[in-house]
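# Secondary and tertiary structure notes
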Amino acid sequence: MIKAILFDYGATLDTFGQHWGMVIWHAYEHLSIPVTEAQYRDAYVYGERTLGANDIIKPTDTFLTTLNVKINLQFDYLRDSKAWFPDEAERIAKHDALVEYLYSGLQNNMGHTRCILSQLREKNIPMALVSNFYGNVETVLAEMKIGDFFCDVIESAQVGIRKPDSRLYALGVEALRRQDATLHESEILVVGDSISKDILPAKSLGCKTAWFKGEGWKKEKVDEAIPDFIVMDLAQVLGFI
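Thresholds applied
All chains use their own residue numbering, which begins from 1 and follows the written sequence. Residue-level local features of this predicted model are given only where pLDDT is at least 70; pairs of side-chain atoms are given and counted only at 80 or more, and the full residue set underlies all totals for whole chains, interfaces and linings. By convention in this description, side-chain values take in all heavy atoms of the structure and omit both hydrogens and water. Each helix is a run of H or I in the DSSP string that is no shorter than four residues. Each strand is a run of E no shorter than two, and both are numbered from the N terminus. Taken over C-alpha atoms, the radius of gyration is set against a globule rule of 2.2 Å times the number of residues to the power 0.38. Only protein chains enter the calculation, and the probe is 1.4 Å; a residue is then buried if its accessible area is under 20% of its type maximum, exposed if over 50%, and partly exposed in between. For this analysis, residues touch if any pair of their heavy atoms sits within 4.5 Å. With residues, only the protein chains shown are counted as cover, and all accessible areas are computed by Shrake-Rupley using a 1.4 Å probe. Asp and Glu are treated as the negative residues and Lys and Arg as the positive ones, with His and the ends of the chain left uncounted. Charge coordinates come from a single atom per side chain, which is NZ of Lys, CZ of Arg, CG of Asp or CD of Glu. Each pair of strands is called paired provided DSSP finds at least two bridges between the two strands. Lines fitted to the C-alpha atoms define the axes, with helices restricted to the stretch that makes contact. Angles between their N-to-C directions range from 0 to 180 degrees. By this rule the span expected of a helix is its residue count minus one, scaled by 1.5 Å. By the criterion applied in these results, polar contacts are pairs of N or O atoms within 3.5 Å in which, for protein atoms, one can donate a hydrogen and the other can accept it, and in which residues neighboring in sequence qualify only through two side-chain atoms.

Next up on the list: the overall build of the protein chain. On a plain count of helices and strands, the protein chain comes out with eight helices and six strands. Counting from the amino terminus, the protein chain carries its helices and strands in the arrangement β-α-α-α-α-β-α-β-α-α-β-α-β-β. A compact globule built from 241 residues would reach a C-alpha radius of gyration of about 18 Å, and the protein chain, at 18 Å, matches this within 12%. Seen through its principal axes, the protein chain has C-alpha atoms that stretch 60 × 35 × 30 Å. Within the protein chain, buried positions represent 47% of all 241 residues. Look at the contacts in the protein chain between residues 6 or more apart in sequence, and 64% of them connect residues 24 or more apart. In the form shown here, the protein chain has an accessible surface area of approximately 11200 Å², with 50% of it arising from carbon and sulfur atoms. Of the side-chain charges in the protein chain, 25 are positive and 34 negative, and the distance between the mean point of each set is 3 Å.

As structure tokens, then:
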């Protein structure tokens, strides 16, 4: 019996199982930005590594600000690698169109997420969130109007532990036990989009797991027997309660 839920955030609650790298790539395709997928992937990796190695994103930065920074880093890489070198006017136009397209899609997704989280709250299900993020996840949750649904938020940048280290999920379990000291790991459902970063570490703790199946970053076959459940829509989580 599931009595509490630990959610991942990125690619779970915001893009429904689709890796953000692929979400952005499809936006590039939609807006006909003239680069190959291989060139884009190099730019995306460069941007993420730059954000990880430097104190660029501040705790008070919204996701809209974060998205602007990410796209600028990608465009810088594409220019410097001579994959794409638009003039300044074209760069600005493509940047603004890309951010608007991505942020609009995100807002649509979050409406569905808020609806499901609200129904879970009505069922008195304690919820916490565990995320690898840039240090601003609580600002982002407030921006998306979902921060109040969680009894606690455990973010990698704040605690100095990153998934797939199971200690990050162990902190989530502790947070839920502060709501209900009788909770056993087997009564906690972990919902995440990554088998390696969410499902396996959660299973190692004894939690039940629901894998949000979507378009991943790596083109590799996944053993779908690993998670306890597979979901294609966040609403399916309601059926596990």
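Here the narrative resumes.
Two modes of strand pairing occur in sheets, parallel and antiparallel, and in both the strands are linked by backbone hydrogen bonds. Pairing is parallel across the open sheet formed by six strands, whose spatial order is E3-E2-E1-E4-E5-E6. Both outer strands of the open sheet, strand E3 (152–155) and strand E6 (229–231), are each paired with one neighbouring strand and no more. On average, adjacent strands in this sheet sit at an angle of 20 degrees to one another, irrespective of strand direction. In this structure, strand E1 (residues 4–7) lies alongside strand E2 (residues 127–131), joined through three bridges in parallel fashion. Within the sheet, the bridge partner assigned to Ile-5 lies in E2 and is Met-127.

So, about helix H3 (residues 63–80). Given 3.6 residues to a turn, an α-helix orients residues that are three or four positions apart in the same direction. For H3, spanning 18 residues, the distance from its first C-alpha to its last is 25 Å, which sits close to the expected 26 Å at 1.5 Å a residue. Among all positions of H3, only Phe-63, Thr-66, Leu-67, Lys-70, Ile-71, Leu-73, Gln-74, Phe-75 and Leu-78 are buried. Against the buried residues of H3 lie helix H1 (20–30), helix H2 (37–53), helix H4 (88–122) and helix H5 (137–143). Structurally, the start of H3 carries an N-cap: the backbone nitrogen of Leu-64 is 3.4 Å from a side-chain oxygen of Thr-62. In the segment just after H3, Lys-82 is the residue with positive phi, at about 60 degrees.

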